[in-house]
Amino acid sequence: MGENFQIQLIEEKNLKTTNTYILNRFVKPSQILDLVSQYGTPLYLIDENTLHLKANELLNAYEKYKGPKRIAYSVKANFTPSILRSFMKDGITFDLTSLGELYFLKKCNIEPENAIYTSITEEEEEYVQILRNGITRVVVSSFNGVTNLVKAAIKTNVKPQTLIRINPEVSVKAEIRASYKNGKFGVPFNGGTIDSAFKIVKYIVNNEFLNFDGFHFHLGSQITNFSCYSNTFSKLDGFISKIKKEIPSFNINTIDIGGGTPVFYNQDVPTPKQMAENYVNKLNHLADDHGSFELIIESGRFLVAESSILLSRIVNTKEYNGHKIVIVDAGYHVLLDSALMKQEYPQEVIDIDNSDINSVKSTLSSKNIHLAGRLCDTYDVFPQSRISNLNNVSIGNYISFYNVGAYSVVFNMPFHCQTKPPIVMKTTSGDLKLIRKGTTFENLFEEEGGYIL
Ligand SMILES: *Cc1c(COP(=O)(O)O)cnc(C)c1O
């Protein structure tokens, strides 16, 4: 590597873009070459500045909501400690779902009071742990869960602010739906049993060990049709009116509208501002009718996706019947959603040596170029985004996968004895800093019990 190689700057105009979407190329090709020679590939890169920009953009999108508001980062999307520390500087809240995530938060010196905890398991011992560790805002999702929270509140002598996760049973058109009839998450407004929001509200407001705080819902991820939010607010409005008939003093402090803000992969998506415009009036109506409440907007994907690139090297190619198979040294062990969700991450070739005989321009159309990973598994292929640029897919060149910050690092897995790649962050001061070391075969052997004889 070094002087022998030339970088061909990839100009914006070279992208066969049909929209205004511009990829976040926060490192120059020359820096990329330095980085891959130092750390190898695959390699994740994160741009800290983008994290701050996204946190601001999301909050500003809701400026027309007249009550107080805050952003909560869904830690499950990417728990890299440097990312958590960056978001801490933005003063945002953290949305947690496990004791492991709480451990990470504490290790990063993030105040647990600045977190909201939504458990799926809702075990008593889990609630004891979170209350002991200073979390005060808890979302319950079942009657058994709320009784466990009461037991934990008694044991710890902490009175948690309690939200109820509702399943509004509205239809959601999105890549990932988290709300559907008879779904795993939350409770319906009225399901005919004790596992109903109405019954749980009454239980909480009459319980001396809990404070009722409000409602939470999470409709899904990568949502591009926003009627599900409007429909949920209408249902919630009616529901709150109904409660107030029975409990006149009833009031809500918080409404947490969950995640779902979409990002660009293959299709243009509305901005958070355009998204919020669809229903911010409904939120203001809710506040007018039932009293001002704090709005919490959760997000994993939108806050981190565009901050990150995965770099991979083209290690093999073959061509037959007018098709070219391009093998890279990444795989779904570093980008699971390309297999699981058929996620079309935008890809771009970093042409390191355009003088080489290998880089003769391919005449193949992009649909006859098949990007595949290193794993011995049929699903280990990478669908292309419509703005992917796969000219010069030849051995030795690199490929950048864009917008990979959400739901990728967290799924790193050792399938085929693969190690975890290093992560480099471009800090706000412009430094390129190693924030996670790659793991080694030796680490993996030990982790898998290799020394237990
Ligand atoms: C996953 C999840 C989110 C984040 O969803 P995104 O689509 O990544 O914004 C928010 N809230 C809850 C409860 C979740 O489970």
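Small disclaimer: the values here were computed from a predicted structure and weren't measured.

Rules and cut-offs
- Residues numbered from 1 in each chain as written.
- Predicted model: local features only at pLDDT ≥ 70, side-chain atom pairs only at ≥ 80, totals over all residues.
- Heavy atoms only, no water.
- Axes fitted to C-alpha atoms, helices over the stretch in contact; angles between N-to-C directions.
- Helix = DSSP H or I, 4+ residues; strand = E, 2+ residues; numbered from the N terminus.
- Parallel < 35°, antiparallel > 145°, perpendicular 65-115°, else oblique.
- Contact = heavy atoms within 4.5 Å.
- Phe/Tyr/Trp six-rings, centres within 6.5 Å; stacked < 30°, edge-to-face > 60°.
- Lys NZ or Arg CZ within 6 Å of the ring centre and 35° of its normal.
- Pairing = 2+ DSSP bridges.
- Near = heavy atom within 4 Å.
- Polar contact = N/O pair within 3.5 Å; in protein donor to acceptor, adjacent residues only side chain to side chain.
- Areas by Shrake-Rupley, 256 points an atom, 1.4 Å probe, with all protein chains shown as cover.
- Nonpolar A, V, L, I, M, F, W, Y, C, P; charged D, E, K, R; others polar.
- Core = buried A, V, L, I, M, F, W, Y, C linked by side-chain atoms within 4.5 Å.
- Buried < 20%, exposed > 50% of the residue type's maximum accessible area, 1.4 Å probe, protein only.
- Domains from an automatic or database assignment.
- Left-handed = near helix turned anticlockwise from the far one by under 90°.

Engineer: For the packing of helix H8 (residues 227-246) against helix H10 (residues 280-290), give the residues involved together with the corresponding values.
Structural biologist: Running from N to C, H8 and H10 cross one another at 5°; their axes reach a closest spacing of 10 Å. In terms of axis orientation, H8 runs roughly parallel to H10. Across from Ser230, Phe233, Ser234, Leu236, Asp237, Ile240, Ser241 and Lys244 in H8, the residues of H10 making contact are Lys282, Leu283, Leu286, Asp289 and His290.

Engineer: For the packing of aromatic side chains, give the residues involved together with the corresponding values.
Structural biologist: Inspection of every chain in the model, using the stated rule, returns 21 aromatic pairs. Of the aromatic side chains, those joined through ring pairs into one cluster are Tyr62, Phe217, Phe226, Tyr229, Phe233 and Tyr279. The cationic tip of Lys242 hangs over the ring face of Phe198; the distance from NZ or CZ to the ring centre is 5.1 Å.

Engineer: Break down the sheet that holds strand S6 (residues 161-165) for me, with residues and values.
Structural biologist: Judged by pairing direction, the barrel is parallel, and its eight strands sit side by side in the order S2-S3-S4-S5-S6-S8-S10-S11 before closing back on the first. Between one strand and the next, the sheet's axes are offset by a mean angle of 25°, whatever the strand orientation. In terms of strand pairing, strand S4 (residues 115-118) meets strand S5 (residues 137-140) through three bridges, oriented parallel. Note that in S5 the partner of Thr118 across the bridge is Val139.

Engineer: Describe in detail the site of the ligand, supporting the description with residues and values.
Structural biologist: Residues in contact with the ligand amount to 15 residues; listed here are only the nearest, Lys76, Ser221, Glu298, Arg301 and Tyr407. With respect to the ligand, the side chain of Lys76 contributes an N or O atom lying 2.6 Å from an oxygen atom. Within the side chain of Asp95, one N or O atom sits 3.4 Å away from a nitrogen atom of the ligand. In the complex, the protein chains occlude 93% of the 380 Å² of accessible area that the ligand would expose alone. Broken down by secondary-structure element, the contributors of at least two residues to the shell around the ligand are strand S9 (220-223) and strand S11 (294-299). Its residues assigned to classes, the shell around the ligand comprises one nonpolar, nine polar and five charged.

Engineer: So what's going on with the side chain of Glu306? Which residues, and what values?
Structural biologist: Along the chain, Glu306 falls in the loop between helix H11 (301-304) and strand S12 (308-320). The contact partners of Glu306, leaving out residues within four places of it in the chain, are Tyr21, Asn24, Thr50, Lys54, Val263, Phe264 and Asn403.

Engineer: Provide a residue-level description of the nonpolar core, including the pertinent values.
Structural biologist: If you look at the biggest cluster of nonpolar residues, it comprises 107 residues, and the most contacted ones within it are Tyr73, Phe87, Ile164, Phe215 and Tyr229. Considering every element that reaches this core, the biggest residue donor is H8, with seven residues. Per-domain counts for this core show at least three residues from each of domain 1 (5-47 + 305-447) and domain 2 (111-299). Residue contacts for Ile164: discarding those within four places in its chain leaves Val139, Val140, Val187, Ala197, Ile200, Val201, Ile204, Phe212, Gly214, Phe215 and His216. Core analysis: the next-biggest nonpolar cluster, separate from the first, contains 19 residues, Ile32, Leu35, Leu43 and Leu45 among them.

Engineer: So what about the packing of helix H7 (residues 197-205) against H8? Which residues, and what values?
Structural biologist: Orientation of H7 relative to H8, taken along the N-to-C sense of each, is 45°, at an axis distance of 11 Å. By the angle between their directions, the pair H7 and H8 is classed as oblique. In the crossing of H7 with H8, the sense of the turn from one axis to the other is right-handed. Contacts between H7 and H8 involve Ala197, Phe198, Val201 and Lys202 on the former and, on the latter, Phe239, Lys242, Ile243 and Glu246. Partitioning the contact of H7 with H8 into residue classes produces five nonpolar, no polar and three charged.

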